[in-house]
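Breakdown of the fold
Below are the chains, spelled out letter by letter.
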Amino acid sequence: MKKKLFIFIASISLLSACQQEEAITPREYPFVESIQVSSINETGATVEFEILKAGKSSVESYGIEYVENYDYTGNNTPKDYVIQEFSGSPSSEKISARISYDLLSNKEYLVKPFVRSGAVTIYGTTMIFDSKGVKGPEIKEVSTDLISSGSVISIKGDYFHSRLDFNQVQIPGLDEFFRITLLEASRVELLIRIDRTGFTFPVMDHKFDLIVTSGGKTVTLENYFTIGYPTLVSVSPLFAEVGDEIEFTFDTKGYSNGVILGITEKSYAGNPEPKSVHYYFSNLSNAVEKKALLDLPPGKYQINILTDASNYIFPTEFEVKNSWEVYRENSKLPIKEQDQILTKVGDKLVLDKLSNGYFQLGQIYDLKSNSVKNFNALPGQDNLRGSPLITSDGNRYLYFGLGNVQVNQVWEPGQDFYRMDLMTGEWETLPKLSKTKNAVVQSFNYLGKIYVIFAENDKFWVFDPISKVWSESSLSIPRDLYLSGVILTSGNTIYFTTALSGGTVVVKRMVLGQPSEILYDSGISYGFQLALDDTKLILTFSNSHIISYDLQTSQTKIIQSIPYFQGKTITSWGTSEGVLFIYPINYLEYVANYSIYRMK
């Protein structure tokens, strides 16, 4: 009995001593007691816990840590836990903390409350609960509504899962062309980057949905995105001739890099290689661009804009009008012989032949009557000669002679000179020019007189058709005129082509006795023809390179290639019916084209 009484007294004494020690020296840190997880529903769960015996150290923050039980039983580290922390000391010992983020439906979670005091963290007991998830993601703001390759887009909102791998962003309809990479994730923001795959994207006018799936729940922002690549608002006009100005109005959508605008012939059976032209804009900073329509055959066309990642097709077709008409089909043009030299005399065309490099007069074609007749022979003279004078007064007379003539199979300087009345076909013998060297470089009609440039003279020789007298001019021959390829006169103005030192051929204009001026630099190194059409100078390089130069405004305009015979050389001919174009024989195919064409 005494022994039991001793034990009881000893126990009371020990307990009294402990209570006394606690009263004298309080605990350094508080206790945290886990109570329960309650109010578990589809918006989250509430964790209840209590802070007991606060201790000497103040509470600096408190909160909860939770993690999916699967992750925990795998090999989780502290960073796997989602931490929900509140600064300061709680207002009461009992605390309810609502988990509203980062819970997946039908998953088991571990949660434990904690208190931080200085460098020490005190945890409560770990509790287990079955989650029903949280609220679905909400989208409040997207940094842009335009999609372009390489763009980084911020999606702001709420209830996003903070773990990157529990989020997915989709833009249906773009999967084949763009790759979406999720860069960052937080509860209130997702950051994505859009990159083009290897495919060129066909820009469409409709809008695209934004779908965000976060924590297994999905939200859709319908019809939000458009393609951040330029489109065309309008093209004016929608039908035009080559050389006309076309106005393109863009919706740039903030895109300022280089683009290619193409006009491509619509494909159809039997047209395996559609024609096209392209315009390059290095920086699409202007909403409106104006360009001259480049050379295309008549027909229906499609307009598109090509960027580094996209191909936009304008929905309305574009029509290139035909700039040409057939003035006369199956004309009587005597195009049969090779190397024919064409001299234009008003509405008549003189065709000369070359035989071993020497001229021989051939036939005359009359435009009005569509008829051909042979030359009458020169009076008492074989008409085979080299480097002769062949020119006209532009209306009625053809002048011919000088050069070198063949006499008894010996070539001698030609001093004889003639003109033919193309109305009657009769030759008239004109005064001779007694010179020892009469090889003609150029000849032209200027203010009613025939000006001649001889190979070894530095001054013009002039023939007056009224007085029928030869005279040597006091005017020196300009070197660029001496080297000219084509000479055309109108009034007191001479238009001619000549080569610059760099080799490119230019068109010049001059009045004799005054310096010449460059009208047009062709940028090419071969010759071309000239013809006058009212106030316009028509420059013809080939059937695929025709330029109209306005003498009043100095504006140039490209002319559509004659579409009937591609790649052939043509001859321009200024007539009372306008500037006409004819094709000589094509010696590669040995096919002649007897039609005559005119610009509409």
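Placed above this text is the structure.
Heads up: these notes are all about the structure in this document.

1. Digging into the packing of aromatic side chains
The geometry of two aromatic rings is summed up by the distance between their centres and the angle between their planes. Counted under the stated rule, the structure contains 23 aromatic pairs. Ring pairs connect the aromatic residues Tyr-397, Tyr-399, Phe-417, Phe-463 and Trp-470, which therefore count as one cluster. Sitting above the plane of the Tyr-81 ring, Lys-112 keeps its charged end 4.9 Å from the centroid. When the ring centre of Tyr-397 is taken as origin, the NZ or CZ atom of Arg-419, which lies over that ring, is 4.2 Å away.

2. Some thoughts on the pairing of strand E51 (residues 571–575)
The two faces of the sheet receive side chains in turn, since in a regular strand these alternate between them. In terms of residue burial, E51 counts as a mostly covered element, since four of its five residues are buried. Here five bridges tie E51 to strand E52 (residues 578–582), and the two strands are oriented antiparallel to one another. Bridged to Thr-571 within E52 is Ile-582.

3. Remarks on the environment of Ile-305
You can see Ile-305 is positioned in strand E24 (residues 299–306). Owing to a relative accessible area of 0%, Ile-305 belongs among the buried residues under this scheme. The sequence separation of Ile-305 and Val-203 amounts to 102 residues, and the corresponding C-alpha distance is 9.2 Å. Not counting chain neighbours up to four residues away, the residues in contact with Ile-305 comprise Pro-230, Thr-231, Leu-232, Phe-250, Val-259, Ile-260, Ser-310, Asn-311 and Tyr-312.

4. Things to note about unusual backbone geometry
Residue Pro-237 follows Ser-236 across a cis peptide bond; omega there is -5°. The backbone phi angle of Asn-370 is positive, close to 50°, even though this residue is not glycine. Residue placement: Asn-370 occurs in the loop between strand E30 (358–366) and strand E31 (371–374). The backbone of Ser-554 shows a phi angle near 65°, a positive value even though the residue is not glycine. Assignment of secondary structure puts Ser-554 in the loop between strand E49 (545–550) and strand E50 (556–559).

What counts and how
Residues numbered from 1 in each chain as written. Predicted model: local features only at pLDDT ≥ 70, side-chain atom pairs only at ≥ 80, totals over all residues. Heavy atoms only, no water. Phe/Tyr/Trp six-rings, centres within 6.5 Å; stacked < 30°, edge-to-face > 60°. Lys NZ or Arg CZ within 6 Å of the ring centre and 35° of its normal. Buried < 20%, exposed > 50% of the residue type's maximum accessible area, 1.4 Å probe, protein only. Helix = DSSP H or I, 4+ residues; strand = E, 2+ residues; numbered from the N terminus. Pairing = 2+ DSSP bridges. Contact = heavy atoms within 4.5 Å.

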